[in-house]
Amino acid sequence: MALLAGGAVALAGLSPLRADSARGQRLFQRCFACHSVVAGEDKLPGPSLRGVMGRRAGTLPGFRFSPALSAAGARGLVWTRESLDAYLTDPERFIPGTEMGLPGLRESDDRRDVIDFLERRKP
Amino acid sequence: MGRLLLALIVTLLWLPSVAAAEVAVQAYLLPAGGGPHDVAVGADGIVWYTAQRGGQLGRLDPISGKVDLISLGPTAAPHGVIIGPDGAPWVTEGGTNSIVRVDPRTREVKHWALPESRGYVNLNTATFDKRGRIWFTGQNGVYGRLDPATGAMQVWDAPRGRGAYGITTTPEGEVYYASLAGSHIARVDLDTGAATVIEPPTKDQGARRVWSDSRGRIWVSEWNSGNVSRYDPRTKTWKTWKLPGDRPRTYAVYVDERDKVWLSEWSANAMVRFDPETETFEAFPSDRPGANVRQILGRPGEVWAPESGADRLVVYRMK
């Protein structure tokens with residue numbers, strides 16, 4: 001999955017099945033070491049993901065992003081279901097030079113449920 | 001006096017290039033897409049690395065350049081690898097939430113799963129104590145111990161929650177770990193398992209990895225602050241140095257047999273060697289963009305660095 005010009009992203013083959021919300025929360029444990037969706041928890045190695053949907057990549061105030069992620073945001077990358085799915089499939093391939101250590105979630109259902117979990121965490 | 005000053009200036013300018021000339025650098029290209037995370041080199045010179053993105057343990061023969069990949073399972077995502085006292089590679093296998101041993105001769109893969117009640121812990125790094133037990137960290141806020149002889153495993157909650165990352169054993173056999181999210185290091189009581197938090201002097205420094213020198217002093221790579229710091233357990237004192245450059249990011253630390261301190265600095269995309277005697281840094285920039293070295297380990301005469309962003313293993317050999 002590649003980041004296309006202008007930040008457009010090739011659509012992922014997202015499963016149409018209803019997401020399992022408890023499963024999404026369990027899968028978020030893969031992200032928990034560095035990210036939070038709890039208000040005020042913002043001194044972690046990764047940026048807060050509370051309200052991440054619709055946020056331009058690399059723009060959360062107060063967090064120091066990698067140059068690669070900041071550049072992706074400057075090129076127009078916005079976190080949507082589609083772009084998150086692409087990123088979580090293979091972070092290093094989607095944004096070369098990303099500092100995020102997650103190797104990727106191989107299963108599309110896993111990505112779908114985590115994204116659903118994040119989508120419900122609004123600021 | 002003028003001649004003395006001139007001689008001093010010439011010497012200071014010359015020394016770094018002499019030091020760098022004492023190091024031969026060689027890169028080994030790995031199968032694409034594996035994402036090498038951690039590396040360990042055995043006494044026999046064979047190099048093992050975690051191909052985290054591929055779910056495999058890689059084996060490199062540096063003489064022939066041949067790489068073999070050993071699958072750790074369909075859901076594997078291995079993070080750390082170390083060489084155990086038995087000469088085998090031991091892996092903190094994040095995908096299956098288990099400690100894994102790979103037999104170097106038969107390639108048999110053996111798993112010791114963490115208790116299900118613990119859930120996913122995000123296994124990070126491991127180290128052996130002098131009693132043959134393997135201690136490990138889980139970034140979601142745990143650390144633990146496995147006795148391979150009996151299979152007995154214990155897992156404890158890390159003080160202050162998530163963050164437990166690098167871990168090391170001193171020459172005396174003491175075990176210390178770093179907490180990245182918690183910004184501290186901790187000493188583990190080998191008998192009770194209790195962890196005692198030790199605060200570095202720089203607040204929110206992001207202590208990521210730790211390594212002991214020959215005197216049992218703990219060196220810490222500080223991701224947020226860009227420092228390298230040293231804790232002396234005998235005097236309970238700290239000393240801190242800022243890495244050179246613009247807003248450094250210190251990810252990994254390793255102390256070689258000469259007590260020189262090796263660090264990976266992500267802002268400069270370089271390996272950095274620090275001499276505690278002269279308090280000087282020398283940089284070895286990667287020739288690949290975004291090398292992203294996440295761990296460093298070596299054996300006498302060699303320091304190995306996995307470039308996760310370039311799918312390479314790079315070795316720095318002292319001449």
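Residues numbered from 1 in each chain as written. Chains lettered and ligands numbered in written order. Predicted model: local features only at pLDDT ≥ 70, side-chain atom pairs only at ≥ 80, totals over all residues. Heavy atoms only, no water.

**So, the overall build of chain B**
Scanning chain B for helices and strands turns up 1 helix and 28 strands. On C-alpha atoms alone, chain B measures out to a radius of gyration of 19 Å, which is about the 20 Å that the 2.2 N^0.38 rule sets for 319 residues. Seen through its C-alpha atoms, chain B measures out along the principal axes to roughly 70 × 45 × 30 Å. A buried classification covers 58% of the 319 residues belonging to chain B. (Helix = DSSP H or I, 4+ residues; strand = E, 2+ residues; numbered from the N terminus. Rg over C-alpha atoms; globule rule 2.2 N^0.38 Å. Buried < 20%, exposed > 50% of the residue type's maximum accessible area, 1.4 Å probe, protein only.)

**Comments concerning the sheet that holds strand β5 (residues 67-71) of chain B**
Residue and element names in this part refer to chain B. Taken in spatial order, the 4 strands make up an open sheet running β2-β3-β4-β5, and their pairing is antiparallel. The sheet terminates laterally at β2 (36-41) and β5, the two strands that pair on one side only. Adjacent strand axes in the sheet meet at a mean angle of 25°, parallel and antiparallel pairs treated alike. Pairing of β2 with strand β3 (residues 47-51) involves 4 bridges; the strand directions are antiparallel. When the sheet's bridge partners are listed, Ala-40 is paired in β3 with Trp-48. (Pairing = 2+ DSSP bridges. Axes fitted to C-alpha atoms, helices over the stretch in contact; angles between N-to-C directions.)

**Here we look at the interface of chain B and chain A**
Opposite the 28 residues of chain B that make contact, chain A presents 22 residues. Buried surface at the junction of chain B and chain A, both sides included, amounts to about 2100 Å², of which 41% is carbon and sulfur. Linking chain B to chain A there are 3 salt bridges. Put simply, Lys43(A) and Asp204(B) hold a salt bridge, and the shortest N to O gap is 3.1 Å. The interface formed by chain B and chain A contains 13 residue pairs in polar contact (both at pLDDT 80 or more). The residue inventory of the side of chain B that touches chain A, partitioned by class, reads 9 nonpolar, 12 polar and 7 charged. (Contact = heavy atoms within 4.5 Å. Buried area = accessible area lost by both parts, 1.4 Å probe. Salt bridge = Lys/Arg side-chain N within 4 Å of Asp/Glu carboxyl O. Polar contact = N/O pair within 3.5 Å; in protein donor to acceptor, adjacent residues only side chain to side chain. Nonpolar A, V, L, I, M, F, W, Y, C, P; charged D, E, K, R; others polar.)

**As for the packing of aromatic side chains**
Residue and element names in this part refer to chain B. The full count for this structure, using the stated rule, is 23 aromatic pairs over all chains. Ring geometry for Tyr-231 versus Trp-238: centroids 5.2 Å apart, planes at 45°, classification tilted. When the ring of Phe-284 is compared with that of Tyr-316, the centres are 5.7 Å apart and the planes differ by 65°; the resulting orientation is edge-to-face. Here Phe-284, found in strand β25 (residues 280-285), pairs with Tyr-316, found in strand β28 (residues 312-318); they are 32 residues apart in sequence, far enough to count as distant. Take Phe-284 and Tyr-316: they sit in the same class, and that class is buried. (Phe/Tyr/Trp six-rings, centres within 6.5 Å; stacked < 30°, edge-to-face > 60°.)

**A closer look at helix α5 (residues 108-119) of chain A**
Think of an α-helix as 3.6 residues a turn; residues three or four steps apart then line up on the same face. All names here are of chain A. Over its 12 residues, α5 runs 16 Å from end to end, which matches the ideal 16 Å to within 8%, given 1.5 Å per residue. α5 sits mainly inside the fold: 9 of its 12 residues count as buried. What α5 keeps buried is the set Asp-110, Arg-111, Arg-112, Asp-113, Val-114, Ile-115, Asp-116, Phe-117 and Leu-118. Along its buried surface, α5 packs onto α1 (21-27) and α3 (81-89). (Expected span 1.5 Å × (residues − 1).)

**Quick word on the packing of α3(A) against α5(A)**
Angle between the axes and distance between the axes are the two parameters that describe a pair of packed helices. Residues and elements named next belong to chain A. Orientation of α3 relative to α5, taken along the N-to-C sense of each, is 130°, at an axis distance of 10 Å. Here α5 runs oblique to α3, going by the angle between their axes. Here α3 and α5 pass one another in a crossing that is right-handed. Contact residues: α3 offers Arg-81, Leu-84, Asp-85, Leu-88 and Thr-89, while α5 offers Arg-111, Arg-112, Val-114, Ile-115, Asp-116, Leu-118 and Glu-119. (Parallel < 35°, antiparallel > 145°, perpendicular 65-115°, else oblique. Left-handed = near helix turned anticlockwise from the far one by under 90°.)

**A few points about the nonpolar core**
In this structure, Trp262(B), Met271(B), Ile296(B), Val303(B), Trp304(B), Leu313(B) and Tyr316(B) are the most contacted members of the largest nonpolar core, which totals 41 residues. Those elements that place two or more of their residues in this core are β1 (23-29), β2, β3, β4 (56-60), β8 (98-102), β22 (250-255), β27 (302-307) and β28 of chain B. When residues in this core are grouped by element, the largest group, 5 residues, is from β28(B). The residues touching Ile296(B), leaving out its near neighbours within four places in the chain, are Ala252(B), Val253(B), Tyr254(B), Trp262(B), Leu263(B), Ser264(B), Met271(B), Val303(B) and Trp304(B). Leu77(A), Leu105(A), Val114(A) and Ile115(A) belong to the second-largest nonpolar core, a separate cluster that totals 25 residues. (Core = buried A, V, L, I, M, F, W, Y, C linked by side-chain atoms within 4.5 Å.)

**Thoughts on the pairing of strand β11 (residues 134-138) of chain B**
Residue and element names in this part refer to chain B. Most of β11 sits inside the fold, with 5 of its 5 residues counted as buried. Residue alternation in β11 divides its side chains into two sets, Ile-134, Phe-136 and Gly-138 and Trp-135 and Thr-137, and both sets are buried. Across 4 bridges, strand β10 (residues 123-128) lies against β11 in antiparallel orientation. Pairing of Thr-127 across the sheet is with Trp-135, part of β11. From the end of β10 to the start of β11, which pair antiparallel, there are 5 residues, and Gly-132 there has a positive phi angle of about 80°. As paired elements, β11 and strand β12 (residues 142-147) share 5 bridges and run antiparallel to each other.

**Focus on the pairing of β8(B)**
Residue and element names in this part refer to chain B. In terms of residue burial, β8 counts as a mostly covered element, since 4 of its 5 residues are buried. Alignment of strand β7 (residues 89-93) against β8, held across 4 bridges, turns out to be antiparallel. Looking at β8, one finds that Trp-90 is bridged to Arg-101. Sheet analysis places β8 next to strand β9 (residues 109-113), joined by 5 bridges and oriented antiparallel. What sits directly across from Val-102, in β9, is Val-109.

**Overview of the sheet that holds β11(B)**
All names here are of chain B. An order of β10-β11-β12-β13 is seen for the 4 strands of this open sheet, with the pairing classed as antiparallel. The strands lining the two open edges of the sheet, one partner per strand, are β10 and β13 (152-157). Neighbouring strand axes in the sheet, compared pairwise and without regard to direction, differ in orientation by 20° on average.

**Regarding the confidence of the model for chain A**
A low pLDDT means the predicted coordinates there should not be read in detail. All names here are of chain A. Per-residue confidence for chain A gives a mean pLDDT of 86; residues scoring 70 or more make up 84%. Confidence scores differ between elements of chain A, with α1 showing the lowest mean pLDDT of 91 and α3 the highest of 97. Low pLDDT (under 50) marks residues 1-17, which in the prediction has 34 contacts with non-local residues, meaning those over four places away or in another chain. (pLDDT = per-residue confidence, 0-100.)

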